Structures are given as structure tokens and as C-alpha cells.
Amino acid sequence: TSAFGEKVEHPFARAAKPAAPAVVDRRIEDLAADEMIRRMADGVARVLDYEKKINVEATTRRDVHEIAVTTSDGFDGSFRRTQYQFFIGGRLIEGTNMLDAGGYYGGTAHDGGGPEIVDRLIEDFRNGRKNVGVSGGPTAVLFTPRAMADVMMTLNAGLNGVRLDATSEDV
């Protein structure tokens, strides 16, 4: 269905005993909506205790999936999976400085409510408020893994040939 790339032929899985991955956490299945709301509210309150001027947001969700795979070559298997996600982040504007920071957990195991994520977020805000001058010329820059991911997403969006404007006369 794609106009790009090479044609490939992949065989489908044949009849076999499916693996039984351990990706169910009962704590996620039992997590109530009011508990999830409390976790977000607690995280927001902790960030605002650090600095009231931060515009804070938090989201969370839990999912329980039944995943089934059947192929035309006879494979038939299914398994259950739980997933928990927690995000908290914010923006702090001070004068001409704008600082965005956020923390996220997503996985098949329960994370205990995210206190460590909130701790790291507060530490990121604390560290990010330290401005330093930059002189002209080459400058060493240190990117954290999270910052590097943001840089690469931006670079990919700008260099991705699939995103060419098909209405342009230059194409």
C-alpha cells in the first residue's frame, strides 16, 4: 500500500504454542479512578509547593488489554496486558526565560504513584533556573537523553522526505 520503499515478503507465524508473557500487574487492574486523580493532585501540589508560578499539568491512565493474534498459517494466541502511564510537567516563565520540564512513566508494571518522577521534575526546574552567559565562538553543550530526543524529533521532521508538500511546483 506504500508508494515508497522496497517490496518485501514476510511469512506469517505458523501453528505453535504461544508464549505467555508476564505483563499483567493486578495493582493496575485494581487502580480506581479516584486514586489516579489523587496521585495527579498530589504531584501538582508538590510542584506548586516548590514554586507557585509554575503552570503545572498532570495526566494518568491505566489500560487492560486482551491481545489476540491469528494468522492464515495457523497461529492462534492471546494474552492480557496491563499498562500504567503517569505524566507531570509544567512551564515556568521568569522575565524573558521560559523553562519547560516534564517527567513520564509508562509501562506494564505499576510505578508506585510517581513520587520519584515528581522529585526529578522539581530538580529539573531547580537546575534549569540557573542561567549562565555564553560567549561567542564554539561552545560545548551537554544534552540529556530526554533533550536529545526532542532535538532529534525536530531534525527528523525537517529532513523527512515523506513530508514533502505534494502541491509544491518544486516536487
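Above this text sits the structure in question.
Small disclaimer: the values here were computed from a predicted structure and weren't measured.

Chemist: Just to check I follow, could you spell out the packing of helix H2 (residues 33-50) against helix H3 (residues 115-128) for this structure?
Modeler: How two helices sit against one another is set out by the angle between their axes and by the gap between those axes. In the contact formed by H2 and H3, the axes pass within 10 Å of each other and the chain directions differ by 25°. Judged by the inter-axis angle, H2 sits roughly parallel to H3. Read as a crossing pair, H2 and H3 show a hand that is right-handed. Across the interface between the two elements, Gly43, Arg46, Val47 and Tyr50 of H2 pack against Pro115, Val118, Asp119, Leu121, Ile122, Phe125 and Arg126 of H3. Residue composition of the contact of H2 with H3, by class: seven nonpolar, one polar and three charged.

Chemist: Hey, could you run me through the sheet that holds strand S1 (residues 55-70) in this one?
Modeler: Two orientations exist for strands paired in a sheet by backbone hydrogen bonds: parallel and antiparallel. An order of S1-S2-S3 is seen for the three strands of this open sheet, with the pairing classed as antiparallel. The sheet terminates laterally at S1 and strand S3 (97-107), the two strands that pair on one side only. Across the sheet, the mean angle separating the axes of adjacent strands is 15° when strand polarity is ignored. Pairing analysis gives 11 bridges linking strand S2 (residues 76-94) to S3, with the strands arranged antiparallel. What sits directly across from Arg91, in S3, is Asp100.

Chemist: I'm lost on the side chain of Thr82 in this one. Help?
Modeler: Relative to the helices and strands, Thr82 is located in strand S2. Relative accessible area serves as the criterion here: at 0%, Thr82 is assigned to the buried category. When sequence neighbours within four positions are dropped, the list of residues in contact with Thr82 reads Val23, Val24, Asp25, Ile28, Glu29, Asp63, Val64, Gly107 and Thr108.

Chemist: What am I meant to see in the nonpolar core here?
Modeler: Across soluble globular proteins, nonpolar side chains have a tendency to be buried as a group. Counting 18 residues, the largest nonpolar core has Val47, Ile54, Phe86, Ile88, Val118, Leu121 and Phe125 as its most contacted members. Only H2, S2, S3 and H3 provide two or more residues apiece to this core. The element that contributes the greatest number of residues to this core is H3, accounting for five residues. For Phe125, the contacting residues outside a window of four places in its chain are Tyr50, Ile54, Gly90, Arg91, Leu92, Leu99 and Ala101.

Chemist: Please clarify how H3 should be interpreted in this entry.
Modeler: Over its 14 residues, H3 runs 20 Å from end to end, which matches the ideal 20 Å to within 8%, given 1.5 Å per residue. Looking at H3, one finds that the buried residues are Ile117, Val118, Leu121, Ile122 and Phe125. End-on, the buried residues of H3 take up no more than an arc of 135°, which puts them together on one face. In this structure, the buried side of H3 is in contact with H2, S2 and S3.

The rules behind these values
Residues numbered from 1 in each chain as written. Predicted model: local features only at pLDDT ≥ 70, side-chain atom pairs only at ≥ 80, totals over all residues. Heavy atoms only, no water. Axes fitted to C-alpha atoms, helices over the stretch in contact; angles between N-to-C directions. Helix = DSSP H or I, 4+ residues; strand = E, 2+ residues; numbered from the N terminus. Parallel < 35°, antiparallel > 145°, perpendicular 65-115°, else oblique. Left-handed = near helix turned anticlockwise from the far one by under 90°. Contact = heavy atoms within 4.5 Å. Nonpolar A, V, L, I, M, F, W, Y, C, P; charged D, E, K, R; others polar. Pairing = 2+ DSSP bridges. Buried < 20%, exposed > 50% of the residue type's maximum accessible area, 1.4 Å probe, protein only. Core = buried A, V, L, I, M, F, W, Y, C linked by side-chain atoms within 4.5 Å. Expected span 1.5 Å × (residues − 1). Arc of directions from axis to C-beta.

The analysis is restricted to geometry; functional conclusions fall outside its scope.
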